[in-house]
Amino acid sequence: MNTLSTQTPPFRGGHVGKAAKAFPYLSLLTSFTMLVFGLLPNNEQQLAALSFNYSAIVDQHEYWRLISGHLIHSSWDHLFWDLITFTVAASYLERQSRNLWVCATVVSTLTLDLYLLSPLANIEYYAGISGVLYTLITLAGLFWYSKEKSLLGLLPLSAIAIKTLFELTAQNAVFVTDGWHLYAPAHLIGASIGLTLWLLCHRYRLM
């Protein structure tokens, strides 16, 4: 006798068929946390205490920086653009699949931290959500294109590609003019993780 399975597909965000899409509370909570960090008094002091700091992590075992370093920003300008973009892209992705959102956020955070701790990075300090954001915005763009296979559907992915190429060429951020210098490898790693997760999900039919 056939029975109806109650198991939720791995990356369907907890809904089947035409059920209402999930409220993006994880994205909004993350955005709120970044905003709170930005509003803390003595922002320079908080930045020094919460940003990724290689020596502090390795020598002083301040492991919280592996997470807080992605949530603290080096200037209001830096925070503003990351916050706006993250809230829109991450919320859209979470509404498509919360499980994929969680997977992408965890994988990109861990991968970026491992890279920043490796000799390949060769930097002492790092701050900002943009590396993780590139993973989420790449997945959001791919979701958008899968639903709108037209020139309009290609617009978000094209904008990401053009912005990234321009920044690599100019060695400077497109919108952010204040704060620490652009660290382009984080963006490239984030986008690569997003594309890899998308391909793996389709390869194993997880979406």
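Residues numbered from 1 in each chain as written. Predicted model: local features only at pLDDT ≥ 70, side-chain atom pairs only at ≥ 80, totals over all residues. Heavy atoms only, no water.

A. Representation of the packing of aromatic side chains. Taken as a whole and assessed by the stated rule, the structure comprises five aromatic pairs. Taking 5.2 Å as the distance between ring centres and 80° as the angle between the ring planes, the aromatic pair formed by Phe80 and Trp81 counts as edge-to-face. Look at Phe80 and you get partly exposed, because its relative accessible area is 45%. In this structure Trp81 comes out as partly exposed when scored by relative accessible area, which is 30%. Measuring from ring centre to ring centre gives 6.2 Å for Tyr126 and Tyr183, while their planes differ by 75°; the resulting arrangement is edge-to-face. (Phe/Tyr/Trp six-rings, centres within 6.5 Å; stacked < 30°, edge-to-face > 60°. Buried < 20%, exposed > 50% of the residue type's maximum accessible area, 1.4 Å probe, protein only.)

B. Quick look at the nonpolar core. With 41 residues, the main nonpolar core has Met34, Phe86, Leu93, Ile129, Leu136 and Leu139 as its most contacted residues. Residue assignment for this core shows that the elements contributing at least two residues are helix H1 (25-39), helix H2 (43-50), helix H5 (76-96), helix H6 (98-117), helix H7 (130-147) and helix H9 (184-203). Here this core takes nine residues from H7, the largest share from any one element. What Ile129 contacts, discounting residues up to four positions off in sequence, is Met34, His70, Leu71, His73, Asp82 and Phe86. (Core = buried A, V, L, I, M, F, W, Y, C linked by side-chain atoms within 4.5 Å. Helix = DSSP H or I, 4+ residues; strand = E, 2+ residues; numbered from the N terminus. Contact = heavy atoms within 4.5 Å.)

C. Main features of the side chain of Ser74. Mapped onto the elements, Ser74 comes out in the loop between helix H4 (65-68) and H5. Within the local environment of Ser74, its side chain forms a polar contact with the side chain of His78, the two groups lying 3.1 Å apart. Among the polar contacts listed, one links the side chain of Ser74 to the backbone nitrogen of Trp180, at a separation of 3.0 Å. (Polar contact = N/O pair within 3.5 Å; in protein donor to acceptor, adjacent residues only side chain to side chain.)

D. Representation of the packing of H7 against helix H8 (residues 151-170) in the model. At a minimum axis separation of 6 Å, H7 and H8 run at an interaxial angle of 150°. Relative to H8, the element H7 lies roughly antiparallel. Our pair here, H7 against H8, has a crossing hand that is left-handed. In this structure, H7 contributes Tyr134, Ile137, Thr138, Gly141, Leu142, Trp144 and Tyr145 to the contact, and H8 contributes Leu152, Gly153, Leu154, Pro156, Leu157, Ile160, Lys163, Thr164 and Glu167. For the contact of H7 with H8, a count of residues per class yields 10 nonpolar, four polar and two charged. (Axes fitted to C-alpha atoms, helices over the stretch in contact; angles between N-to-C directions. Parallel < 35°, antiparallel > 145°, perpendicular 65-115°, else oblique. Left-handed = near helix turned anticlockwise from the far one by under 90°. Nonpolar A, V, L, I, M, F, W, Y, C, P; charged D, E, K, R; others polar.)

E. Representation of the confidence of the model for the chain. Taken over all residues, the pLDDT of the chain has a mean of 89, while the share at 70 or more is 90%. Here residues 1-9 scores under 50 on pLDDT; set against residues more than four positions off or in separate chains, the count is four contacts. Confidence drops under pLDDT 50 across residues 13-19; counting only partners more than four residues distant or on other chains, this segment forms 10 contacts. (pLDDT = per-residue confidence, 0-100.)

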